[in-house]
Amino acid sequence: MRMCVQTRCGWVVLLAAVCALLQPGVTGAAELEMNEAVTYAHVGVLLAVPKDFDDRRPTEESEVMRAVRIVTGKPVQAVSLGAYCIGPKDTAEDFADAMEQNLAANLAVRKFNVLKKTLITIAGISGSARLLKYTFRGEATTAARAFFVRRLKADDVSICYVLTVEAVAQHDDMLLPVLDRVIKTVKLTAVQHPVLLPVRLSVKPVRDERLGFAVRPPINWYVRSTPMGISMGQTDYLTGGRPSPLVTVAVAEVAEGAKSKACMKKAIQPYLAAAREGGPSVDILSHEVTKMGGNLAHQVMIRLTPKGSPATRPGKEPSAPDARQAPGEATQLRILRVICVAADKDRPFRSYAMIMVCRTAEVKAVRAAMDTIAGVFEVLSSTAPDTRPADKKAAKKAAK
């Protein structure tokens, strides 16, 4: 389950509509115990969820948080928050309409119906709320969604927040109480560049047994699998709404005995070739020997500067990027760290590359973030403990 929502005022009309759908004996909102409120500084929102909801790692760039209530091993209710950079003239109503069209067109969604629309006020900002009913992969679902737009005039940025509470049909008696309590916790905070925030690592690692590695992503970063490894990061809403930092782990089989230094040189060639053909200029800021996963690694840090920007004009010193620059025009710092290793005789010889991309000129912050994440990277042996749930291991054993 996934989705996204936010505070109070015009919610009276919406909540009355929700009540008509709920079963008798609704538990009061005041009876719900809440977790401590969490600040999502990169998007400038603070909110709390009920204590019986478990955090789930975001998987999309626009997903800020998601928490799920599990009953007898099945997700029955979810609270989520999404945030999107939109145009200066786009409204909450416009964005709500567009999201409804996308949801209705989703092949996993059937019997989509908008039961209610109403205007609301959230954190002092006028917005739009929708009450929806549909089936998702055959599961009857009720959802309340709220949209409001925050204009950051100093940064020339508009953010549409989408807060959603949803529940399967058998548990929609808890939709109203959860919605009511979460709404009361929502507050706005300063929007910050994620690369400048402290990197706090999650306890639970992401493991890829097929490619033979594990890493602990930072808390509140989204993570998704790729054919070559994983991609993870946070969206920077002050520089165009693109991931920054963006960290990619890419794995490739290489010749036995391949060296990380040679792999590194090969990896930076495309940047140099692009610069020769009129692309961003490339400055190699450092090239050093370090470690990754306990193995000897080579690392290079480069700065990519668009041609014609102040940093590439004669007599101009490089400066921090303007938050109002178009996304493609921002200065980028990239760090590439590579190891070449075979974990054991049952694993092929592979290169493991960790690449960090940041739309900033803050070298110290980027280097510190890379050191923290690469410091918990692990190359898995073929005999490494399997941390998958017992039922999945049993299913795999039965399949054999």
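Preceding this paragraph is the structure being described.
A brief look at the structure comes next.

Rules used in this analysis
Residues numbered from 1 in each chain as written. Predicted model: local features only at pLDDT ≥ 70, side-chain atom pairs only at ≥ 80, totals over all residues. Heavy atoms only, no water. Core = buried A, V, L, I, M, F, W, Y, C linked by side-chain atoms within 4.5 Å. Buried < 20%, exposed > 50% of the residue type's maximum accessible area, 1.4 Å probe, protein only. Helix = DSSP H or I, 4+ residues; strand = E, 2+ residues; numbered from the N terminus. Expected span 1.5 Å × (residues − 1). Bend = angle between axes of the 7 residues up to and from the residue. Contact = heavy atoms within 4.5 Å. 1 Å grid on protein atoms, 1.4 Å probe; cavity = no way out; pocket = protein on both sides within 12 Å on 5 of 7 lines; lining within 4 Å. Points joined across faces, edges and corners; volume = space filled by probe spheres on them. Nonpolar A, V, L, I, M, F, W, Y, C, P; charged D, E, K, R; others polar. Pairing = 2+ DSSP bridges. Phe/Tyr/Trp six-rings, centres within 6.5 Å; stacked < 30°, edge-to-face > 60°. Salt bridge = Lys/Arg side-chain N within 4 Å of Asp/Glu carboxyl O.

For the rest of this paragraph, the subject is the nonpolar core. Looking at soluble globular proteins, one finds that nonpolar side chains tend to be buried together. Val 43, Leu 47, Val 79, Leu 81, Ile 159, Tyr 161 and Val 178 are the most contacted members of the largest nonpolar core, which has 39 residues in total. Core analysis: the second largest hydrophobic core is formed by 31 residues, Val 223, Met 301, Leu 333 and Met 354 among them.

A few words now on helix α4 (residues 260-276). Relative to the 24 Å expected for 17 residues at 1.5 Å per residue, α4 spans 25 Å between its end C-alpha atoms, a close match to the ideal helical length. For α4, the principal kink sits at Gln 269 and spans about 30°; a proline, Pro 270, occurs within the next four residues. Turning to α4, its buried residues are Ser 260, Cys 263, Met 264, Ile 268, Tyr 271 and Ala 275. For α4, the secondary structure elements touched by its buried residues are β16 (281-292), β17 (295-305), β18 (332-341) and β19 (350-358). Downstream of α4 by one or two residues, Gly 278 has phi in the positive range, about 100°.

What follows concerns empty space enclosed by the protein. Quantified by volume, the largest cavity comes out at close to 40 Å³. Looking at the lining of the largest cavity, the elements that each hand over two or more residues are β4 (63-71) and β14 (229-236). By residue class, the composition of the lining of the largest cavity is four nonpolar, five polar and two charged.

Okay, the sheet that holds strand β1 (residues 38-40) next. Remark on secondary structure: sheet strands pair via backbone hydrogen bonds, oriented parallel or antiparallel. An order of β1-β2-β10 is seen for the three strands of this open sheet, with the pairing classed as antiparallel. Edge positions in the sheet fall to β1 and β10 (187-188), since each of these pairs with one other strand and no more. When strand β2 (residues 45-47) meets β10, the two strands line up antiparallel, connected through two bridges. The partner of Leu 46 across the bridge, within β10, is Lys 187.

Once that is clear, we can look at the packing of aromatic side chains. Applying the stated criterion across every chain, the model contains five aromatic pairs. Their ring planes at 25° and their centres at 6.2 Å tell us that Phe 112 and Tyr 134 sit as a pair that is stacked. Linking Phe 112 in strand β6 (residues 109-122) with Tyr 134 in strand β7 (residues 125-136), this pair joins segments that are 22 residues apart in sequence. Note on Phe 112: relative accessible area 24%, which makes it partly exposed. Grouping aromatic residues by their ring pairs yields a cluster made of Phe 213, Tyr 352 and Phe 377.

Consecutive residues of a regular strand have side chains that alternate between opposite faces of the sheet. Among the eleven residues that make up β17, nine are buried, leaving the element largely enclosed by the rest of the structure. Linking β16 to β17, which pair antiparallel, is a turn of two residues; within it Gly 293 sits at a positive phi near 60°.

Here the focus is the pattern of salt bridges. The final tally for this structure, using the stated rule, is 14 salt bridges. The residue Arg 69 makes a salt bridge to Asp 52 at a minimum N-O spacing of 3.3 Å. With Arg 69 in strand β4 and Asp 52 in the loop between β2 and β3 (54-56), this residue pair connects regions lying 17 residues apart in the sequence. Residue Arg 69 is classed as buried on the basis of its relative accessible area of 16%. Relative accessible area serves as the criterion here: at 39%, Asp 52 is assigned to the partly exposed category. Where salt bridges share partners, they join Glu 93, Asp 97, Glu 100 and Arg 130 into one cluster.

Note that every value here comes from positions in space, so none of it alone points to a role or purpose.
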